[in-house]
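# Coordinate analysis (summary)
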Amino acid sequence: MSDRTVIKTGLTLAAIAAICTALVAATYQLTEERIAANQKALLEKALQPALAGVFYDSSVSESRLVVQPPHELPGNDAAIVYRVFAEQAPVAALFAVTARDGFSGPIRILVGIGFDGTVTGVRILEHRETPGLGDKIESSRTDWIFQFDGRSLGDPKVTAWAIRDDGGDFDQLTGASVTPRAVVHAIRDTLLYFDSHRDEIFSLEASGEGE
Amino acid sequence: MTSGGFIERLQSGLWRDNPGLVQLLGLCPLLAVTTTFVNGLGLGAATLIVLTCSNALVSATRRWIRQEIRIPIYVLIIASLVTCIELIFKAWFPTLDRSLGIFIPLIVTNCAIVARAEVFASRNSIGASIADGIGMGAGFAMLLMAIGAFRELVGQATILSRLDMITGGEHFDGFSFADSGLLLAILPPGAFFSLALAVALKNYVDRRRRISRGTTRSRSLGRSQQ
């Protein structure tokens, strides 16, 4: 190729790259607002089930708090806490934590805890457990995850926060014990953390919106 | 390869040279997302749009593109289109986007798309390239939907579950036929079995057609052939 063709070819490439970038930028402009609104709606909707029976008037997604590791919560990455208020008074906290001891990959769990330390609801946010076995922890598949509603650290006592196979108080799933064990332990550890850090959690400034 | 008429291009994509059944291209998304009909439809539609637009753009720019830089340009065009589709899905079909996850951005790596750009769109007119994109895209989408519907029916004994991801509205669990299905169909091996069955079915139909055509031809010589 002569120098001229090289330059011409380079310019063609640059022109097409510019056109493609413009196309993506235009689409981004067009969809940006909707995507942000969707994500917020999705988050509020995803958080709600873990707040069964709790009256609140605050925007849950705006009270986000990031707890950086090292912390005593399940998982070794940053945990997210959403504070829930009614007339400025704290009523509950939602913890998005990660159980690392599942059967395949991390299990992301949303644990709702009322101000008095009782569980207001637990939901699985994300997991890669075996379809048909471990995925029964999902609220849409079985009602296994509902057995934690209304329980707390004294009910049952800390040592009984385990599956029946391990001498605990909670049901396991047919054909799967690793997954339920990981979930029960994650909820127990979250309750323990809430018990010792409650005032600190509600007094900190929000770390801004996100996710 | 001849450009042919619009109908012929559609026939080629939908059946004769179906990208999934005959060329066996784009198998990764095909096997991964076809757990339900709706997932198959979602990814199929996204692929169809990307393939049609990329064929049109590659064909429109084919006069200015030198041989040496054609691959980076295909990559640019396809990657931009896929990014746009991903944004559009996130904005208008957020639940479907979450369900398909990484496989929307991964349309970039679907060899069926770059193969059509290289083999067809870079050598044919815009009209023929769009027809080819629609034919091949629809062929791929139909296969995704067929395998999705099959795996959903066998694996969880429902059909059209989570249709709300496309139409909006209330959570819809689909029409159920039994309490539970044959789990194998939903698991990854089920995807391979389903694809194998689909390929076998196509070969069987083609064979039957060839045989019956052969006998009619020998019986009535001279009659015009389709």
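Above this text sits the structure in question.
Scope of this entry: the structure provided in the associated data block. Here the structure is a predicted model, which means the values were calculated and not measured.

Rules used throughout
Residues numbered from 1 in each chain as written. Chains lettered and ligands numbered in written order. Predicted model: local features only at pLDDT ≥ 70, side-chain atom pairs only at ≥ 80, totals over all residues. Helix = DSSP H or I, 4+ residues; strand = E, 2+ residues; numbered from the N terminus. Rg over C-alpha atoms; globule rule 2.2 N^0.38 Å. Buried ≥ 20, exposed ≤ 12 C-beta atoms within 10 Å, placed from the backbone. Contact = placed C-beta atoms within 7 Å. Pairing = 2+ DSSP bridges. Expected span 1.5 Å × (residues − 1). Bend = angle between axes of the 7 residues up to and from the residue. Axes fitted to C-alpha atoms, helices over the stretch in contact; angles between N-to-C directions. Arc of directions from axis to C-beta. Core = buried A, V, L, I, M, F, W, Y, C linked by C-beta atoms within 7 Å. Nonpolar A, V, L, I, M, F, W, Y, C, P; charged D, E, K, R; others polar.

### A closer look at the overall build of chain A
A tally of regular secondary structure across chain A gives two helices and five strands. Shown N-terminal to C-terminal, the secondary structure of chain A runs as helices and strands in the order α-β-β-β-β-β-α. Taking 2.2 N^0.38 as the reference for a compact globule, 211 residues should give roughly 17 Å; the C-alpha atoms of chain A span a radius of gyration of 23 Å, well beyond that estimate. Judged by the C-alpha coordinates and their principal axes, chain A covers about 80 × 45 × 30 Å. Split into buried and exposed, the 211 residues of chain A put 30% on the buried side. Contacts spanning at least 24 positions in sequence make up 53% of the contacts within chain A whose residues lie at least 6 apart.

### Quick word on the overall build of chain B
Helix and strand counts for chain B come out as nine helices and two strands. Going from the N terminus to the C terminus, chain B shows its helices and strands as α-α-α-α-α-α-α-β-α-β-α. Taking 17 Å as the expected radius of gyration for a compact globule of 226 residues, we find that chain B reaches 19 Å, a close match to that expectation. With respect to the three principal axes, the spread of C-alpha positions in chain B is 55 × 55 × 30 Å. The buried share of chain B, taken over its 226 residues, is 44%.

### As for unusual backbone geometry
Residue and element names in this part refer to chain A. The omega torsion across Pro69 and Pro70 is 0°, close enough to zero to call that bond cis. Positionally, Pro70 belongs in the loop between strand S1 (64-67) and strand S2 (79-86). The residue after Asp155, namely Pro156, is reached through a cis peptide bond having omega 0°. Mapped onto the secondary structure, Pro156 falls in the loop between strand S5 (119-126) and helix H2 (178-203).

### Description of the pairing of S2 of chain A
Residue and element names in this part refer to chain A. Of the strand pairs in this sheet, S1 and S2 are connected by four bridges, and their pairing is antiparallel. Bridge assignment links Leu65 to a residue of S2, and that residue is Val81. Where S2 meets strand S3 (residues 89-99), seven bridges bridge the pair, whose relative direction is antiparallel. Within S3, the position partnered with Val81 by the bridge is Phe95. Linking S2 to S3, which pair antiparallel, is a turn of two residues; within it Glu87 sits at a positive phi near 50°.

### Some thoughts on H2 of chain A
Given a rise of 1.5 Å per residue, 26 residues ought to cover 38 Å, and the 36 Å separating the end C-alpha atoms of H2 of chain A matches this to within 8%. Residue His197 of chain A marks the point of greatest curvature in H2 of chain A, where the axis turns by about 80°.

### Some points on the sheet that holds S1 of chain A
Residue and element names in this part refer to chain A. A sheet is described by the order of its strands in space; here five strands give the open sequence S1-S2-S3-S4-S5, paired in antiparallel fashion. This sheet does not close on itself; its edge strands, each paired only once, are S1 and S5. The average angle at which neighbouring strand axes cross in this sheet is 20°, direction not considered. Bridging between strand S4 (residues 107-114) and S5 involves six bridges; their strand directions are antiparallel. Pairing of Arg108 across the sheet is with Glu126, part of S5. Along the sheet, H2 contacts S1, S2, S3, S4 and S5; its crossing angle with S3, the most-contacted strand, is approximately 140°.

### Here we look at helix H6 (residues 111-119) of chain B
Residues and elements named next belong to chain B. Looking only at H6, the buried set comprises Ala112, Ile113, Arg116 and Ala117. On an axial view of H6, the arc spanned by its buried residues comes to 135°, and they lie on one face. Residues of H6 that are buried in the fold lie against helix H3 (37-60), helix H4 (70-92) and helix H7 (126-156).

### Description of the nonpolar core
Formed by 58 residues in total, the largest nonpolar core has its most connected members in Ala46, Val50, Ile77, Leu81, Ile85, Ala141 and Leu144 of chain B. Those elements giving two or more residues to this core turn out to be helix H1 (3-47) of chain A together with helix H2 (27-33), H3, H4, helix H5 (94-100), H6, H7 and helix H9 (188-219) of chain B. Considering every element that reaches this core, the biggest residue donor is H7 of chain B, with 14 residues. The residues touching Ala141 of chain B, leaving out its near neighbours within four places in the chain, are Gly44, Ala45, Thr47 and Leu48 of chain B. Among the nonpolar cores identified, the runner-up in size contains 42 residues, and Phe95, Ala96, Val183 and Leu191 of chain A belong to it.

### Considering the environment of Ser177 of chain A
Residue and element names in this part refer to chain A. Here Ser177 shows up in the loop between S5 and H2. Here Ser177 falls in the partly exposed class, since 16 other C-beta atoms lie within 10 Å of it. For the pair Ser177 and Ser63, spaced 114 residues apart in the sequence, the C-alpha separation amounts to 35 Å. Excluding its chain neighbours within four sequence positions, the residues that come into contact with Ser177 are Ile163, Asp165 and Gln172.

### Here we look at the interface of chain A and chain B
Tallying the contact residues gives 17 residues for chain A and 21 residues for chain B. Its residues assigned to classes, the side of chain A that touches chain B shows ten nonpolar, six polar and one charged.

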